Amino acid sequence: QLWARLPNLPEYQPYDCEVTVGSTPIPAHKTILALNSSILREIKEEKSGEIVKLEVDTEFDDYEDIIESVVKSFYCGVFNCDMEFDRAKIVYKFCQKYSVEWLSKGVVAFFDDVIKQDTGHKTFLDVLIFSIRYGV
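Remember, predicted model here, so these are calculated numbers, not experimental data.

Student: How do you make sense of the nonpolar core when you look at a structure like this?
Tutor: Soluble globular proteins: nonpolar side chains tend toward being buried together. If you look at the biggest cluster of nonpolar residues, it comprises 36 residues, and the most contacted ones within it are Leu-33, Phe-94 and Phe-111. Of the residues forming this core, the biggest block, seven residues, is contributed by helix 6 (residues 85-97). The residues touching Phe-94, leaving out its near neighbours within four places in the chain, are Ile-39, Val-56, Phe-60, Ile-67, Val-70 and Val-100.

Student: Can you help me understand the environment of Met-83 in this one?
Tutor: Relative to the elements of secondary structure, Met-83 occurs in the loop between helix 5 (64-76) and helix 6. When residues no more than four places from it in sequence are discounted, the contact partners of Met-83 are Ala-88, Val-107 and Phe-110.

Student: What's the story with the packing of helix 6 against helix 7 (residues 101-117) in this structure? I'm lost.
Tutor: Axes are the key here: two packed helices are described by the angle between their axes and the distance separating the axes. The geometry of helix 6 relative to helix 7 is characterised by a closest axis approach of 9 Å and an angle of 150 degrees between their N-to-C directions. Relative to helix 7, the element helix 6 is oriented roughly antiparallel. When you trace helix 6 past helix 7, the crossing you get is left-handed. On helix 7, the residues touching Phe-85, Ala-88, Lys-89, Val-91, Tyr-92, Cys-95 and Gln-96 of helix 6 are Leu-103, Ser-104, Val-107, Val-108, Phe-110 and Phe-111. Taken together, the residues of the contact of helix 6 with helix 7 sort by class into ten nonpolar, two polar and one charged.

Student: Looking at this structure, I do not really get the pattern of salt bridges. What am I missing?
Tutor: If you walk through the whole model with that rule in mind, you get five salt bridges. For Asp-57, the salt bridge goes to Lys-97, with nearest N and O atoms at 3.4 Å. With a gap of 40 residues between them, Asp-57 in the loop between strand 4 (51-55) and helix 5 and Lys-97 in helix 6 connect regions that are remote in the sequence. A salt bridge links Arg-87 to Asp-65; the nearest nitrogen and oxygen atoms lie 3.3 Å apart. Of this pair, Arg-87 sits in helix 6 while Asp-65 sits in helix 5, and the two are 22 residues apart along the sequence. Looking at Arg-87, the relative accessible area reads 19%, which means it is buried. Residue Asp-65 is classed as partly exposed on the basis of its relative accessible area of 41%.

Procedures and definitions
Residues numbered from 1 in each chain as written. Predicted model: local features only at pLDDT ≥ 70, side-chain atom pairs only at ≥ 80, totals over all residues. Heavy atoms only, no water. Core = buried A, V, L, I, M, F, W, Y, C linked by side-chain atoms within 4.5 Å. Buried < 20%, exposed > 50% of the residue type's maximum accessible area, 1.4 Å probe, protein only. Helix = DSSP H or I, 4+ residues; strand = E, 2+ residues; numbered from the N terminus. Contact = heavy atoms within 4.5 Å. Axes fitted to C-alpha atoms, helices over the stretch in contact; angles between N-to-C directions. Parallel < 35°, antiparallel > 145°, perpendicular 65-115°, else oblique. Left-handed = near helix turned anticlockwise from the far one by under 90°. Nonpolar A, V, L, I, M, F, W, Y, C, P; charged D, E, K, R; others polar. Salt bridge = Lys/Arg side-chain N within 4 Å of Asp/Glu carboxyl O.

In structure tokens form, the structure reads like this:
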């Protein structure tokens, strides 16, 4: 029963932090962010009362739903987002930028599966080019 609530913990417990992607604030807890990523170390804090506001890099502004899924995954250790190649690239870039190692490994495994499925020449080349560019 507890595990069922963990992905939505910020909605049930007072949060002390907001991760802002574009114009979307994502409630979170500094302890959870610190345990899962380098967001607290790499983003300048702006304190508003008791809530610390953190704005992620603008390259993620158009991907609020993906980044919100990443932040929520910090609470349960499971990434609950429809994984397709283009979304996986965004997740991987975020993981590399903010040192989310456990999720980064999961995305690399996804890329391996994409290659193994042999869904077509273009997909293989997309994965290969992305892998070379970002050191996957």
